[in-house]
Amino acid sequence: MVDTHDTDLEQLYREVLSDVDEVSKRVVDAIRKAAPIYESFPYEVQYRDNLSGLTGQLRALIDGRAPSEKALEYMRRVARERVRHGIPLADSIEGFHVMFRELWREVLTRARQRDPALESKLASRVEDMWQWTHLISAAFSDEYVAASRSATLSRADAMRKIVMEELADAGVQQDVEGVLVGLGYDLDEPFRAFVSRPLTSEVIDRVEKSLKGATSKPVHAAGFNRNSVIITQQMTAEEGLRILAKVGFGSPIGIGLARRGILGLRRSYRDGQQLLELPRREDPRNYERDWLLVLLHSDEEGLKELLRPGWEAAERHPYIADCMVAFANNGFSISAAARAVHVHPNTARYRIDRWKELTGWDVFTPGGLFATLAVLTDW
């Protein structure tokens, strides 16, 4: 800024400075109207920051100087605070533009009231006012980007440690809870994990930002060697899938069961992992629907001999297997199963009896029904 001292303008700036408290309130109200996301931001903090910014700018205009290092450092601290509160950079910069506009409007209005000749003088000084705003907002932007990158890495690192239980064995349960609360989660609400194949850090960052823009619910992403995970709360599987589809989250997706507590968070992640290991499954894979397959697959070797009769019968007589599936999917009604596979009820009854002969499993007993479902769930 160039020192072009003018007593009349200096007096005008001092007059605005004497009422800077009220000007700051009007600026904050204007910013909140322009950027509604600030409604969730503490008013007193936003007022304090704008009061400091306006005071510094007016004093700099009076003295004809550029922003001091102290003023720039304050803006860097403001940037870090906005990152912590999740205020997007675009909305933050919009705040600077609104502050400049409202300050210029205030100065111009007072100039006209005092002496119309001052208005022509102000025209030559608007560049000084804008230059000050530009330097302050540039310092803010640079720090915001750096702090945002650091926060993203810190969040991802925290999620990795929590999910992978790196904080579990050191007697730091309370610390883990503190980290989760700091990430915005409610410890009384269940956690749900959406697990995919590994994604790059850039994609994870983009997905997380997109999700935060699409929902107000807590959501964070992290990458591991074998998987990537998004941990959500208060979100159904269907709602999560709709959002993930919009942001290009990788397929296949394993959706864990909503579970409570830190152990529940880790268990939900393992649900998703196990779902991705299932063979021949459609996508997405949902633990609420596919839990039986997960349990069977986890001990596939041990169950191989037990379930072999059913597998062999289904492969040799697929029409019987189809009838058994229809029987299970239609309320265990023989007549409804017959309609589903387009045969006479007597034929459906014969196929059910034939299944018992081939496998030794009576579907009208708990054991026979469970073994049949175990074989045909993935049929």
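These notes cover the structure that comes with them. Because the structure is predicted, anything quoted here is derived from the model rather than measured.

This brings us to the pairing of strand E3 (residues 228–233). In terms of burial, E3 is a largely internal element, six of the six residues being buried. On E3, burial covers both faces: Ser228, Ile230 and Thr232 on one face and Val229, Ile231 and Gln233 on the other are all buried. For strand E1 (residues 191–196) and E3, the ladder comprises six bridges, and the chain directions are antiparallel. Along E3, the bridge assignment pairs valine 195 with valine 229. Of the strand pairs in this sheet, strand E2 (residues 219–223) and E3 are connected by five bridges, and their pairing is antiparallel. Bridge assignment links histidine 220 to a residue of E3, and that residue is isoleucine 231.

The topology assignment puts arginine 351 in helix H16 (residues 345–359). Under the relative-accessibility criterion, arginine 351 is labelled buried at 16%. Measuring from C-alpha to C-alpha, the distance between arginine 351 and isoleucine 93 comes to 71 Å, with 258 residues separating the pair along the chain. Apart from the residues lying within four places of it in its own chain, the contact partners of arginine 351 are Tyr319, Ile320, Cys323, Met324 and Val343.

Close contact between helix H13 (residues 300–316) and helix H17 (residues 366–376) brings their axes to 9 Å; oriented N to C, the two are set at 55°. As the angle between them shows, H13 and H17 are arranged oblique. In this structure, the crossing between H13 and H17 has a hand that is right-handed. Contacts between H13 and H17 involve Leu307, Gly310, Trp311 and Ala314 on the former and, on the latter, Ala371, Ala374, Val375 and Leu376. Looking at the contact of H13 with H17, its residues break down into seven nonpolar, one polar and no charged.

The next thing to look at is the pairing of E2. Counting buried residues in E2 gives five out of five residues, a clear majority hidden from the surface. Of the two faces of E2, the one holding Val219, Ala221 and Gly223 and the one holding His220 and Ala222 are both buried throughout. Here E2 folds back onto E3, and the loop between the two strands holds four residues.

Membership of the largest hydrophobic core comes to 45 residues, with the highest contact counts inside it found for Tyr13, Leu58, Val107 and Leu122. Contributing elements (two or more residues each) for this core: helix H1 (7–18), helix H2 (20–34), helix H3 (43–63), helix H4 (69–84), helix H5 (89–114), helix H6 (117–123) and helix H7 (126–163). The element that contributes the greatest number of residues to this core is H5, accounting for 10 residues. If we skip the residues at most four places from it in the chain, leucine 122 touches Leu9, Leu12, Tyr13, Trp104, Val107, Leu108 and Ala111. Counting 24 residues, the second-largest nonpolar core is a separate cluster that includes Ala313, Phe327, Ile334 and Val375.

Let's shift gears to the side chain of arginine 82. You can see arginine 82 is positioned in helix H4. The exposure class assigned to arginine 82 is buried, which follows from its relative accessible area of 4%. Engagement of the side chain of arginine 82 in a polar contact is seen with the side chain of aspartate 49, the distance being 3.0 Å. Beyond its immediate sequence surroundings of up to four residues, arginine 82 is in contact with Tyr38, Phe41, Val45, Gln46, Asp49, Ile87, Ser92, Phe140 and Tyr144.

This paragraph deals with unusual backbone geometry. Trans is the prevailing form of peptide bonds, just as negative phi is the prevailing case for residues other than glycine. In the Ramachandran plot, glutamine 234 falls in the positive-phi region, its phi being about 55° despite a non-glycine side chain. The partly exposed category is assigned to glutamine 234, whose relative accessible area is 42%. Of note in this structure, phenylalanine 332 is not a glycine but carries a positive phi near 55°. Considering the arrangement of structural elements, one finds phenylalanine 332 in the loop between helix H14 (318–329) and helix H15 (334–341). Residue phenylalanine 332 is classed as partly exposed on the basis of its relative accessible area, which comes to 40%.

Attention shifts here to the sheet that holds E3. Taking strand neighbours across the sheet as the criterion, the five strands line up as E2-E3-E1-E4-E5 in an open arrangement whose pairing is mixed. The strands lining the two open edges of the sheet, one partner per strand, are E2 and strand E5 (285–286). Examined bridge by bridge, strand E4 (residues 253–255) and E5 share two bridges and lie parallel to one another. Its bridge partner lying in E5, isoleucine 255 is registered against asparagine 286. Docked against the sheet, helix H9 (residues 201–214) engages E2 and E3, running at close to 170° with respect to E2. Sheet strands touched by helix H11 (residues 261–276): E1, E3, E4 and E5. Its angle to E1, the strand with the most contacts, is close to 30°.

About the criteria used
Residues numbered from 1 in each chain as written. Predicted model: local features only at pLDDT ≥ 70, side-chain atom pairs only at ≥ 80, totals over all residues. Heavy atoms only, no water. Buried < 20%, exposed > 50% of the residue type's maximum accessible area, 1.4 Å probe, protein only. Helix = DSSP H or I, 4+ residues; strand = E, 2+ residues; numbered from the N terminus. Pairing = 2+ DSSP bridges. Contact = heavy atoms within 4.5 Å. Axes fitted to C-alpha atoms, helices over the stretch in contact; angles between N-to-C directions. Parallel < 35°, antiparallel > 145°, perpendicular 65-115°, else oblique. Left-handed = near helix turned anticlockwise from the far one by under 90°. Nonpolar A, V, L, I, M, F, W, Y, C, P; charged D, E, K, R; others polar. Core = buried A, V, L, I, M, F, W, Y, C linked by side-chain atoms within 4.5 Å. Polar contact = N/O pair within 3.5 Å; in protein donor to acceptor, adjacent residues only side chain to side chain.

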